[in-house]
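Architecture at a glance
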Amino acid sequence: MTDRRQFRDLASPAEAREAIGSLDLTPDPEAVPLDDARGRVLAERIDAALDVPGFDRASVDGYAVRARDTFGADEADPVVLDRIGTVHAGSEPDVEVREGTCAEISTGAVLPPGADAVVMVERTDDTEAGIAIRTSVAPGDRVMVAGADVAAGSRALGPGTLLTPREIGLLSALGVDEVPVRGTPTVGIVSTGDELVRPGGDLHSEAGQIYDVNSYTIAAGVEEAGGEAVLYPHAGDDYDEMERLLVEAADECDLVLSSGSTSASAVDVIYRVIESEGELLLHGVSVKPGKPMLVGRLEDSAYVGLPGYPVSALTIFRTFVAPAIRAAAGLPEPRTATVEGRMAVQERYSEGRTRLMPAGLIEAGGETLVYPVDKGSGATTSLVEADGVVEVDADTDYLAEGETVTVQLFSPDVRAPTLLGVGEDDPALSRLLDGLERPRYLDVGSRQGRRRLRDGVPDVAVVSGPSDRDVDAVDLGGWTREWGLVVPGGNPRDVTGLSDLVDRDLRFVNRSTDSGLRASLDAALDDLAADRDVTARDLADAVDGYDLTVKGFESPARKVLGGAADAGLGLRATADALDCGFVPLGTESVRVLAPPDRTDKPSVAALGRAIDTALDDAVSDLSGFDG
């Protein structure tokens, strides 16, 4: 019987934070040169070893005087003093100010003996009789006395101070050239799973391999949180190799993070390594995404096991691990990175776990709208299509449309896109969007584009193909594109049209039902069915692969190139770009639609202008496109 680990008694989010908080991942302090200290945190108090400034100095250009010699002086009755010399900044004075005399002095220069004040040059005149002082001054006027900035022996900076350029300046003034700082937590990152390949390596998709997203995503998060990421070689699902790498990382790092191999599957063996080589404190947290989370100790290091799916891994890291790294580095929590917004649509949820819902933001009508971005934990695009997360309590069944929610931004630097577009994927559209400032486009297909436009979420929807669904929108413009069947170069099976897919033994790759191209194909199939006096379903059933669907407009062509199909639904432009053959079936219109209340939004207007002025250039080298 297969030994399968079961999730029982999932820990609450509070218990997970408590478990991570019990781990010691604080590194030893270290000393760094002053020019490397920016962004570090002081490990101990620094007291001033000298006065700053270390001498009485002039704070203005003017004349060093004895204040009592100026008493009673004014514009009508100035006091005339003998000028006995000049004191420059950086030079030791070689004069002494006595009764009835003064010395010319530069800003920052040492106050000469005998002087106790400075008269600014603007209140003096250089006359034949001497320097006419047209104002009276008191002792200490226009003088910064020794230690006025920092007095020797005083507390200059305390432990825990984040060293910014201001603090670096003070340390420079104190003559400090080496700074005691909190150590940087070293975080070893080990990705597991036989299916993973590091970016740059040879990927064999046919064997189920995928590029390792988590190592680099989490490493960037570690650095952002103030740690030093150490990437270890990829570990498969082999117990001995996983054990070797984890123990090596534990010997060298303050914290070890792994991703993958944490769920309750027979092949997920990492928790067994932790139980063997250390102590497992927690296995499973009542959150979504991210239930399969491990917390423990591995030899003398802290250990956290993250889920394998990128969205789950990053969400759990940001929520539970990043705060612990910041605390170990002595760094403060980042600036408040939350915004309030109104749910653009209703979102149902009832699974009995705290949910960390990825969410996007869009500005509309002077308010912030929040929409869910939930393409599944395995969808890496959710990482960039979402702006933050909304934490939903375990006992919440749904978030109502219009309900106010708080979005925890992924970073204080996150800004909502200037334009949110949804709908059909299209190469001409991609080029037009390149000319806009910070747009976001979700290629959800024409059918979903129309639906979301009716729901009032996006700024524009891009749609193609026939539809029986009307939508209240303003047409900003559009173009046409030729569609048909993409076949191998040279068309070796001599495909001539849609009838061949129905009547011959040809393998076909279709687009999803949300695609406008799919709607155009289905309309053509309806026409063929009417000609033959059969149902369209009968013809669809006769096509080998009609229900085999892929997402992108290039995807069917790539299946054809890979030998997985004899024909695929696609565009002439795609066929030409990939050196494939093409069998034309028709031309469809692509339209850009905007809600009537968004046409005045600057980004929507900018897209409309781009369609008017830049479309011809955008489609000039796209075969089958016409602006």
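In what follows, the structure referred to is the one given above.
Summarised in this report is the structure supplied together with it. (Residues numbered from 1 in each chain as written. Predicted model: local features only at pLDDT ≥ 70, side-chain atom pairs only at ≥ 80, totals over all residues. Heavy atoms only, no water.)

**Observations concerning the pattern of salt bridges**
- Summed over the entire model, instances satisfying the criterion amount to 37 salt bridges.
- Between Glu 347 and Arg 355 there is a salt bridge, and its shortest N-O distance comes to 3.1 Å.
- Given the relative accessible area of 16%, Glu 347 is considered buried.
- Overall, the relative accessible area of 5% leaves Arg 355 in the buried class.
- The salt bridge involving Arg 598 is made with Asp 459; its shortest N-O contact spans 2.6 Å. Of this pair, Arg 598 sits in the loop between strand S36 (581-594) and helix H15 (602-613) while Asp 459 is found in the loop between helix H9 (446-455) and strand S31 (460-464), placing the two residues 139 residues apart along the sequence. The residues Arg 598 and Asp 459 share a single accessibility class, namely buried. (Salt bridge = Lys/Arg side-chain N within 4 Å of Asp/Glu carboxyl O. Buried < 20%, exposed > 50% of the residue type's maximum accessible area, 1.4 Å probe, protein only. Helix = DSSP H or I, 4+ residues; strand = E, 2+ residues; numbered from the N terminus.)

**Brief notes about the packing of aromatic side chains**
- Across all of its chains, the model carries zero aromatic pairs by this definition.
- In this structure, Arg 348 packs its charged tip against the face of Tyr 398, placed 5.7 Å from the ring centre. (Phe/Tyr/Trp six-rings, centres within 6.5 Å; stacked < 30°, edge-to-face > 60°. Lys NZ or Arg CZ within 6 Å of the ring centre and 35° of its normal.)

**Considering empty space enclosed by the protein**
- Applying the stated criterion to the full structure yields two cavities of 30 Å³ or more.
- Along the walls of the second largest cavity sit Leu 498, Leu 501, Phe 508, Leu 521, Leu 525, Val 543 and Tyr 546, which together make up its complete lining.
- Taken together, the elements giving at least two residues each to the lining of the second largest cavity come down to helix H10 (498-503) and helix H11 (516-532). (1 Å grid on protein atoms, 1.4 Å probe; cavity = no way out; pocket = protein on both sides within 12 Å on 5 of 7 lines; lining within 4 Å. Points joined across faces, edges and corners; volume = space filled by probe spheres on them.)

**Re the sheet that holds strand S17 (residues 255-259)**
- As summarised here, the arrangement of the six strands in space is S16-S13-S17-S21-S20-S18, forming an open sheet in which the pairing is mixed. Across the chains shown, the open sheet's two edge strands, defined by having one partner strand only, are strand S16 (228-231) and strand S18 (278-283). On average, each strand axis in the sheet is inclined to that of its neighbour by 20°, with strand direction left out of account.
- When S18 meets strand S20 (residues 294-298), the two strands line up antiparallel, connected through five bridges. Note on S20: the bridge partner recorded for Leu 282 is Val 295. (Pairing = 2+ DSSP bridges. Axes fitted to C-alpha atoms, helices over the stretch in contact; angles between N-to-C directions.)

**Looking at the sheet that holds strand S7 (residues 117-120)**
- The strand order S7-S4-S6-S5-S9-S8 describes an open sheet built from six strands, whose pairing is mixed. The outermost strands of the open sheet, each flanked by one partner alone, are S7 and strand S8 (124-127). The sheet shows a mean angle of 40° between the axes of neighbouring strands, taken without regard to direction.
- Relative to strand S6 (residues 101-105), strand S5 (residues 79-87) runs parallel, the two being bridged by four bridges. By the bridge assignment, Asp 82 is partnered in S6 with Thr 101.

**What about the packing of helix H3 (residues 214-224) against helix H6 (residues 310-329)?**
- Where H3 contacts H6, the axes come no closer than 10 Å and their chain directions differ by 25°. In terms of their interaxial angle, H3 and H6 are classed as roughly parallel. When you trace H3 past H6, the crossing you get is right-handed. In this structure, H3 contributes Asn 214, Thr 217, Ile 218, Gly 221 and Val 222 to the contact, and H6 contributes Pro 310, Ala 313, Leu 314, Phe 317 and Ile 325.
- When grouped by side-chain class, the residues that make up the contact of H3 with H6 number seven nonpolar, three polar and no charged. (Parallel < 35°, antiparallel > 145°, perpendicular 65-115°, else oblique. Left-handed = near helix turned anticlockwise from the far one by under 90°. Contact = heavy atoms within 4.5 Å. Nonpolar A, V, L, I, M, F, W, Y, C, P; charged D, E, K, R; others polar.)

**A word on the environment of Val 462**
- Turning to its location among the elements, Val 462 is positioned in strand S31.
- Of the residues examined, Val 462 reaches a relative accessible area of 1% and is grouped as buried.
- Along the backbone, Val 462 and Val 590 are 128 residues apart, and their C-alpha atoms lie at a distance of 6.9 Å.
- With residues near it in sequence (within four places) discarded, Val 462 still touches Val 422, Gly 423, Glu 424, Leu 429, Tyr 441, Ser 446, Val 590, Arg 591 and Val 592.

**Details of the packing of helix H1 (residues 13-21) against H6**
- It is the contact of H1 with H6, at a shortest axis distance of 10 Å, that shows an interaxial angle of 25°. By the angle between their axes, H1 is roughly parallel relative to H6. Between H1 and H6 the crossing geometry is right-handed. Across the interface between the two elements, Pro 13, Ala 16, Arg 17 and Ile 20 of H1 pack against Thr 319, Phe 320, Val 321 and Ala 324 of H6.
- Split by residue class, the contact of H1 with H6 holds six nonpolar, one polar and one charged.

**Description of H11**
- Between its first and last C-alpha atoms H11 spans 25 Å; for 17 residues at 1.5 Å apiece the expected length is 24 Å, and the two agree.
- Listed as buried for H11 are Gly 516, Leu 517, Arg 518, Ser 520, Leu 521, Ala 524, Leu 525, Leu 528 and Ala 529.
- Capping the start of H11 is the job of one residue whose side-chain oxygen sits 3.1 Å from the backbone nitrogen of Leu 517: Ser 515.
- Once H11 ends, the next one or two residues include Asp 533, with phi positive near 60°. (Expected span 1.5 Å × (residues − 1). Polar contact = N/O pair within 3.5 Å; in protein donor to acceptor, adjacent residues only side chain to side chain.)

**Thoughts on unusual backbone geometry**
- Between Val 52 and Pro 53 the backbone carries a cis peptide bond, its omega angle lying at -5°.
- Position of Pro 53 among the secondary structure elements: in the loop between strand S2 (46-47) and strand S3 (57-58).
- With a phi close to 55°, Arg 142 is a non-glycine residue in the positive phi region.
- Checked against the element boundaries, Arg 142 lands in the loop between strand S9 (130-133) and strand S10 (143-144).
- One non-glycine residue, Asp 533, lies in positive phi territory at about 60°.
- As for its position among the elements, Asp 533 is in the loop between H11 and helix H12 (536-542).
- Classification of Asp 533 as exposed rests on a relative accessible area of 71%.

**Some words on helix H4 (residues 239-252)**
- Here H4 spans 20 Å end to end across 14 residues, near enough to the 20 Å set by a 1.5 Å rise per residue.
- For H4, the secondary structure elements touched by its buried residues are strand S13 (186-191), S17, helix H5 (270-277), S20 and strand S21 (301-306).

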